[in-house]
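Chain by chain, the residues run as shown.
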Amino acid sequence: MHSLSKVIPAVVLDWAGTMVDHGCCAPLIALRRVLARHGFSAPDEHLRQGMGRAKKEHLRNLLALHGAATAVDKIYPELEHEIFGELQAHAGLIAGAREFAQGLAQQGIKIGSTTGYTQAMMNVLAASAARQGYTPDLIITPDQVPAGRPAPYMLYANALQLGVWPLWQCVKIGDTADDIAEGRNAGMWTVAVALTGNAFGLSSADTESLPAHQRQEKAEAARSLLRAAGADYVIDSVADAAPILEQIASRIQSGDKPRS
Ligand SMILES: [Mg+2]
C-alpha cells in the first residue's frame with residue numbers, strides 16, 4: 001500500500017472540456033461568430049482542430065488555412081471580446097469534476113492547471129469555478145510563459161510554483177491532442193478525456209439527444225484521435241480518473257515511465 005501523494009505529487013488539469021464547459025463550447029461559438037463576420041465559414045470539426053493552443057495561436061492557424069494569416073492582429077481582439085461574452089454561460093463544472101478535485105486534495109496531491117485561455121479570461125472562469133466548489137492550487141496561462149501548448153512551459157511553471165518533482169511522477173489530464181502533446185513534451189503521464197471535451201465536441205444536453213449509434217460512433221472517433229495523440233490513458237471523463245491514478249501509481253512503483 002502507498003499513500004498516493006508520495007507517488008504522484010501533482011496532477012495538472014486542463015480547464016475547458018476537462019473541468020468546465022462540457023463540450024468545450026465557449027471558444028467554438030466565439031470563433032464561429034468572429035470568422036463568419038469576416039466571411040469565413042468552416043465546419044465545427046475544422047474549427048476544433050488546434051483547440052487547446054493559446055487562443056491567438058489557434059486563430060492564426062485557422063486564418064492561415066484560409067490564406068488570411070496577416071489578419072490575425074486585427075481579428076484577435078474581436079475573438080477575445082466574443083470569448084469573454086461566452087465564458088460565464090459555459091462555466092459550469094463537468095459532472096464529477098468537483099468530486100475528483102476534492103479527492104486529490106484529500107490525498108494531499110497538488111492540483112495544478114493549464115489552459116489556452118489568457119490570464120484575464122481565467123480570472124472570469126476561475127471565479128465561477130470557485131463559486132461552484134473547484135479551486136485548483138495554481139493556474140498557469142500561455143501569456144505567463146514563453147509559449148503555450150504544445151510547448152511544456154506551462155507544466156514546468158506548475159512544477160516550479162507547486163514545488164513538485166520529478167515530472168515523470170506527475171500527471172496531466174486534458175481533452176485535446178495539444179494537451180497530450182504538452183504533457184508528453186514535459187515528460188509527464190497523460191490522461192485524455194474523450195467525451196466531455198473538444199474531441200467529442202457537444203454539450204451534455206446535445207450529447208443526450210444524439211441517437212445511440214451516433215453517440216457510439218462519435219465516441220469511438222474521439223477516443224481514437226486522443227489515442228493517436230499518444231495519451232497513456234484515454235477515459236470518458238475526469239469523473240473516471242481516480243482509478244487511473246491508482247494504476248499510474250502502481251506502474252511508477254514498478255519502474256514504468258510515461259510514454260515520451
Ligand atoms: Mg480543454
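**Description of the domain arrangement of the protein**
Next up, step 1: Splitting the protein by domain gives domain 1 (4-24 + 92-253) and domain 2 (26-89).
Next up, step 2: Its C-alpha centre places domain 1 at a distance of 22 Å from the equivalent point of domain 2.
Next up, step 3: Contact with domain 1, which involves 19 residues of that partner, is made by 16 residues of domain 2.
Next up, step 4: Approximately 1600 Å² of surface area, both sides summed, lies buried where domain 1 meets domain 2, with 56% of it carried by carbon and sulfur atoms.
Next up, step 5: Sorting the residues of domain 1 by area buried against domain 2 places Tyr117, Met121 and Asn198 first, and these three jointly supply 31% of that buried surface.

**As for the coordination of the magnesium ion**
Next up, step 1: For the magnesium ion, every protein donor is listed as Asp14 (OD), Ala16 (O) and Asp175 (OD), and the spread of their distances is 2.1 to 2.2 Å.
Next up, step 2: As a motif over one chain, the donors of the magnesium ion read D-x1-A-x158-D. With a gap of 159 residues between them, alanine 16 in the loop between β1 (10-13) and α2 (26-37) and aspartate 175 in the loop between β3 (171-174) and α9 (177-186) connect regions that are remote in the sequence.

**Focus on the pairing of strand β4 (residues 189-193)**
A regular strand carries its side chains on alternate faces of the sheet.
Next up, step 1: The buried count for β4 comes to five of five residues, which makes it a mostly enclosed element.
Next up, step 2: Alternating residues of β4 divide into Trp189, Val191 and Val193 and Thr190 and Ala192, and every residue in both groups is buried.
Next up, step 3: Here three bridges tie β4 to strand β5 (residues 233-235), and the two strands are oriented parallel to one another. The partner of valine 193 across the bridge, within β5, is isoleucine 235.

**A look at the packing of aromatic side chains**
Next up, step 1: Inspection of the entire model under this criterion finds two aromatic pairs.
Next up, step 2: With 6.3 Å between their ring centres and 85° between their planes, tyrosine 153 and tyrosine 156 make a pair best called edge-to-face. Of this pair, tyrosine 153 and tyrosine 156 both sit in helix α8 (residues 153-162), three residues apart, which is roughly one turn of that helix.
Next up, step 3: Between the NZ or CZ atom of lysine 55 and the centre of the ring of tyrosine 117, over which it lies, the distance is 5.0 Å.
Next up, step 4: The ring of phenylalanine 200 carries lysine 218 above its face, with NZ or CZ at 5.4 Å from the centroid.

**Some remarks on the sheet that holds β5**
Two modes of strand pairing occur in sheets, parallel and antiparallel, and in both the strands are linked by backbone hydrogen bonds.
Next up, step 1: Within the open sheet, the five strands sit side by side as β2-β1-β3-β4-β5. Their pairing is parallel. Looking at which strands have only one partner, the edges of the open sheet turn out to be β2 (110-113) and β5. Each adjacent strand pair in this sheet contributes to an overall mean axis angle of 25°, direction not counted.
Next up, step 2: One ladder, built from four bridges, connects β3 with β4; its direction is parallel.

**Quick look at the pattern of salt bridges**
Next up, step 1: Per the stated rule, a full pass over the model turns up 19 salt bridges.
Next up, step 2: Its salt-bridge partner being glutamate 57, residue arginine 53 comes within 3.5 Å of it at the nearest N-O pair.
Next up, step 3: Using a relative accessible area of 28% as the deciding quantity, one classes glutamate 57 as partly exposed.
Next up, step 4: For arginine 251, the salt bridge is made with aspartate 256, and the minimal N-O distance between the two is 3.0 Å.
Next up, step 5: Exposure remark for aspartate 256: the relative accessible area of 30% places this residue in the partly exposed category.
Next up, step 6: Ionic contacts of the salt-bridge type, sharing partners, join the residues Asp14, Arg149, Lys172, Asp179 and Glu182 into one network.

**Things to note about helix α11 (residues 212-228)**
Next up, step 1: Helix length check: α11 (17 residues) gives 24 Å between terminal C-alpha atoms against 24 Å at 1.5 Å per residue, within 8%.
Next up, step 2: Among the residues of α11, Ala219, Ala222, Arg223 and Leu226 are the ones counted as buried. Seen end-on, α11 carries its buried residues on one side only, within an arc spanning 100°. Facing away from the buried side of α11, by more than 90 degrees, are the exposed residues His213, Glu217 and Ala228.
Next up, step 3: Residues of α11 that are buried in the fold lie against α9, β4 and β5.

**So, the packing of α8 against α9**
Next up, step 1: One way to put it is that α8 packs onto α9 with a least axis distance of 8 Å and a crossing angle of 55°. With respect to each other, α8 and α9 are oriented oblique. In the packing of α8 onto α9, the handedness of the crossing is right-handed. Note on element contacts: α9 touches α8 through Glu182, Gly183, Asn185 and Ala186, opposite Met154, Leu155 and Tyr156.
Next up, step 2: For the contact of α8 with α9, the residue count by class is four nonpolar, two polar and one charged.

About the cut-offs
- Residues numbered from 1 in each chain as written.
- Predicted model: local features only at pLDDT ≥ 70, side-chain atom pairs only at ≥ 80, totals over all residues.
- Heavy atoms only, no water.
- Domains from an automatic or database assignment.
- Contact = heavy atoms within 4.5 Å.
- Buried area = accessible area lost by both parts, 1.4 Å probe.
- Donors = N, O, S within 2.8 Å, 3.2 Å for Na, K, Ca; no water.
- Helix = DSSP H or I, 4+ residues; strand = E, 2+ residues; numbered from the N terminus.
- Buried < 20%, exposed > 50% of the residue type's maximum accessible area, 1.4 Å probe, protein only.
- Pairing = 2+ DSSP bridges.
- Phe/Tyr/Trp six-rings, centres within 6.5 Å; stacked < 30°, edge-to-face > 60°.
- Lys NZ or Arg CZ within 6 Å of the ring centre and 35° of its normal.
- Axes fitted to C-alpha atoms, helices over the stretch in contact; angles between N-to-C directions.
- Salt bridge = Lys/Arg side-chain N within 4 Å of Asp/Glu carboxyl O.
- Expected span 1.5 Å × (residues − 1).
- Arc of directions from axis to C-beta.
- Parallel < 35°, antiparallel > 145°, perpendicular 65-115°, else oblique.
- Left-handed = near helix turned anticlockwise from the far one by under 90°.
- Nonpolar A, V, L, I, M, F, W, Y, C, P; charged D, E, K, R; others polar.

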